[in-house]
Amino acid sequence: MNVLVAYYSKTGATEKVALALEKAFGEGNTVTVFRIRPEHELKAHEYRKSEKDLPLQKPLPSLKDFDLVIVGTPVWGFCPTPIVVSYLRQLQGAKGKRFALFATCTALPGTTIMRLSNILSTKGATVVDTLTIRSIFELDAEKLKPVQGFAQRLLKEP
Ligand SMILES: Cc1cc2nc3c(=O)[nH]c(=O)nc-3n(C[C@H](O)[C@H](O)[C@H](O)COP(=O)(O)O)c2cc1C
């Protein structure tokens, strides 16, 4: 399977999940890990929650050759970061693609996954699975365990 893992991370937790996913897919699959970057990196509280079309650093990887696209975000104010919302809104070629979503947060993910799923459904993409990892501490091997099952489920999906 040819998999794209695209994520934004401010303080490293979401990146840890992205890298754990890369490992979990293991041999026999090709995983491209792509860090979404805004053109102008701000402090988290300086982004406006309503911002939906932030300029992002280009190029964004073309989705053409990927069988599965996994998108990850930290939760900010019970919502996905405006950076990941902007990424999904700018994404070309999502129609008919299989997506999976993941979020990291301390406790309360709110409407994060639902908001990202809604953007993808308006683009004609299918969200086949989602994962939310909650932790108030730095993510360790124990907290990252569900990533393994997530990858296994995705590999089994038709
Ligand atoms: C501005 C801001 C808002 C946040 N809002 C929430 C929230 O609503 N619910 C929650 O559980 N965690 C919230 N968090 C915690 C982050 O979601 C959590 O630490 C996340 O794993 C950080 O990911 P990162 O290290 O990849 O940036 C917030 C963090 C920041 C900086």
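Conventions we followed
- As a convention, each chain's residues are numbered from 1 in the sequence order in which they are written.
- Only residues with pLDDT of at least 70 get local features here, since the model is predicted, and only at 80 or more are side-chain atom pairs given and counted; chain-wide, interface and lining totals rely on the full set of residues.
- The side-chain values count all of the structure's non-hydrogen atoms but skip hydrogen atoms and water molecules.
- Strands here mean DSSP runs of E at least two residues long; helices mean DSSP runs of H or I at least four residues long; both are numbered from the N terminus.
- Atoms counted for the radius of gyration: C-alpha only. Globule rule: 2.2 Å times the number of residues to the power 0.38.
- Here, two residues are considered to be in contact whenever any of their heavy atoms come within 4.5 Å of each other.
- Here the accessible surface of atoms and residues is derived via Shrake-Rupley with a 1.4 Å probe, and residues count as covered only by protein chains that are part of the display.
- Positive: Lys, Arg. Negative: Asp, Glu. His and the chain ends are not part of the count.
- The atoms used to mark charge sites are NZ of Lys, CZ of Arg, CG of Asp and CD of Glu.
- For Phe, Tyr and Trp, rings pair up if their centres lie within 6.5 Å, where Trp contributes its six-membered ring, and each pair is then called stacked (planes under 30 degrees apart), edge-to-face (over 60) or tilted (otherwise).
- Using a 1.4 Å probe on the protein chains alone, a residue whose accessible area is under 20% of its type maximum counts as buried, one over 50% counts as exposed, and one in between counts as partly exposed.
- Any two strands between which DSSP finds at least two bridges are classified as paired.
- Call a crossover right-handed when, viewed with both strands pointing away from you, the route from the first strand across the helix to the second goes clockwise.
- UniProt positions are given in the numbering used here, feature names are shortened, and annotations may be inferred rather than shown by experiment.

Asker: How should the overall build of the protein chain be read in this particular structure?
Answerer: Within the protein chain one finds four helices and six strands. Each helix (α) and strand (β) of the protein chain, taken in turn from the N terminus, gives the series β-α-β-β-β-α-β-α-β-α. Relative to the compact-globule value of 15 Å for 158 residues, the protein chain shows a C-alpha radius of gyration of 14 Å, a close match. The long-range fraction of contacts in the protein chain, counting pairs at least 24 apart against all pairs at least 6 apart in sequence, stands at 79%. For the protein chain, the accessible surface area stands at approximately 8300 Å², while carbon and sulfur atoms represent 53% of it. Taking the 22 positively charged and 15 negatively charged side chains of the protein chain as two groups, their mean positions are separated by 5 Å.

Asker: Got a minute to help me understand the packing of aromatic side chains in this structure?
Answerer: How two aromatic rings sit relative to each other is set out by the distance from centre to centre and by the angle between their planes. One pass over the structure, following the stated rule, counts two aromatic pairs. Their ring planes at 35° and their centres at 5.6 Å tell us that Tyr47 and Trp76 sit as a pair that is tilted. With Tyr47 in the loop between strand S2 (30–35) and strand S3 (68–76) and Trp76 in strand S3, this residue pair connects regions lying 29 residues apart in the sequence. With relative accessibility at 17%, the residue Trp76 sits in the buried group.

Asker: Please clarify how the pairing of strand S1 (residues 2–7) should be interpreted in this entry.
Answerer: On a regular strand, each side chain points to the face opposite its neighbour's, so the side chains alternate between the two faces of the sheet. With five of its six residues buried, S1 lies for the most part within the structure. Inspection of the sheet shows S1 paired to S2 by six bridges, in the parallel sense. By the bridge assignment, Tyr7 is partnered in S2 with Arg35. For the handedness criterion, the β-α-β arrangement of S1, helix H1 (residues 13–25) and S2 is classed as right-handed. Relative to S3, S1 runs parallel, the two sharing five bridges. Of the residues in S3, the one forming a bridge with Val3 is Leu68.

Asker: Can you walk me through the UniProt feature "domain: Flavodoxin-like" (unreviewed entry) in the protein chain in this structure?
Answerer: Under the UniProt annotation, "domain: Flavodoxin-like" (unreviewed entry) lies at residues 3–155. Measuring from the first to the last C-alpha atom of residues 3–155 gives 10 Å, for a span that is 31% helix and 25% strand.

Asker: Got a minute to help me understand unusual backbone geometry in this structure?
Answerer: Where the residue is not glycine, phi is negative for most of them; where a peptide bond is considered, it is trans in most cases. Cis geometry marks the peptide bond from Lys58 to Pro59, where omega comes out at 0°. Along the chain, Pro59 turns up in the loop between S2 and S3. Backbone geometry places Phe78, a non-glycine residue, at a positive phi of 65°. Take Phe78: it is sitting in the loop between S3 and strand S4 (79–80).

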